[in-house]
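# Reading the structure
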Amino acid sequence: DPFEDFAESFLYYIRHGNAFRLLAEENVILRQKYNFFKQYIFEGKEFETGKDFVNIAKRPWDITKY
């Protein structure tokens, strides 16, 4: 669902900015999503959030639960 994807990506950008950036380095699709949010939604602002959640292997499947 594109709306769910947008919502999850939006929250991930804000709440787990560090992890999202790391994932974006390794995945073209996630990089495009990250850059979209950075450029068009947040006008260049990046978040230093989620430092307690840098273990990418255990990232949540539903960001609204965290």
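Everything numeric in this text was worked out from a predicted model, so none of it was measured.

With that out of the way, let us pick up a nonpolar patch on the surface. Judged by side-chain polarity, Phe6, Phe36, Tyr40 and Ile41 come together as a nonpolar surface patch covering roughly 390 Å² of accessible area. Looking at the nonpolar patch, the element that brings in the most residues is helix 3 (residues 28-41), giving three residues. Among the secondary structure elements, Ile41 is positioned in helix 3. Relative accessible area serves as the criterion here: at 33%, Ile41 is assigned to the partly exposed category.

This part takes up the environment of Ser9. Here Ser9 is to be found in helix 1 (residues 2-15). On the accessibility criterion, Ser9 (9% relative accessible area) is buried. The spacing of Ser9 and Lys33 is 24 residues in sequence and 7.5 Å in space, taken between C-alpha atoms. Among residues more than four places away in sequence, those in contact with Ser9 are Phe20, Lys33 and Phe37.

Take unusual backbone geometry next. With phi around 45°, Glu43 is a residue other than glycine that occupies positive phi space. In this fold, Glu43 is placed in the segment after helix 3.

Mapping Arg21 onto the fold places it in helix 2 (residues 17-26). Within polar-contact distance, the side chain of Arg21 engages the backbone oxygen of Phe47 at 3.0 Å. Sequence-distant contacts of Arg21, that is, excluding residues within four places in its chain, are made with Tyr34, Glu46, Phe47 and Glu48.

Positionally, Leu30 belongs in helix 3. For the pair Leu30 and Phe20, spaced 10 residues apart in the sequence, the C-alpha separation amounts to 7.9 Å. Discounting residues that sit within four places of it in the chain, Leu30 has contacts with Phe20, Leu23 and Ala24.

Conventions adopted
- Residues numbered from 1 in each chain as written.
- Predicted model: local features only at pLDDT ≥ 70, side-chain atom pairs only at ≥ 80, totals over all residues.
- Heavy atoms only, no water.
- Patch = residues over 30% accessible without salt bridge, like charges linked within 9 Å, V, L, I, M, F, W, Y side chains within 5 Å.
- Areas by Shrake-Rupley, 256 points an atom, 1.4 Å probe, with all protein chains shown as cover.
- Salt bridge = Lys/Arg side-chain N within 4 Å of Asp/Glu carboxyl O.
- Helix = DSSP H or I, 4+ residues; strand = E, 2+ residues; numbered from the N terminus.
- Buried < 20%, exposed > 50% of the residue type's maximum accessible area, 1.4 Å probe, protein only.
- Contact = heavy atoms within 4.5 Å.
- Polar contact = N/O pair within 3.5 Å; in protein donor to acceptor, adjacent residues only side chain to side chain.

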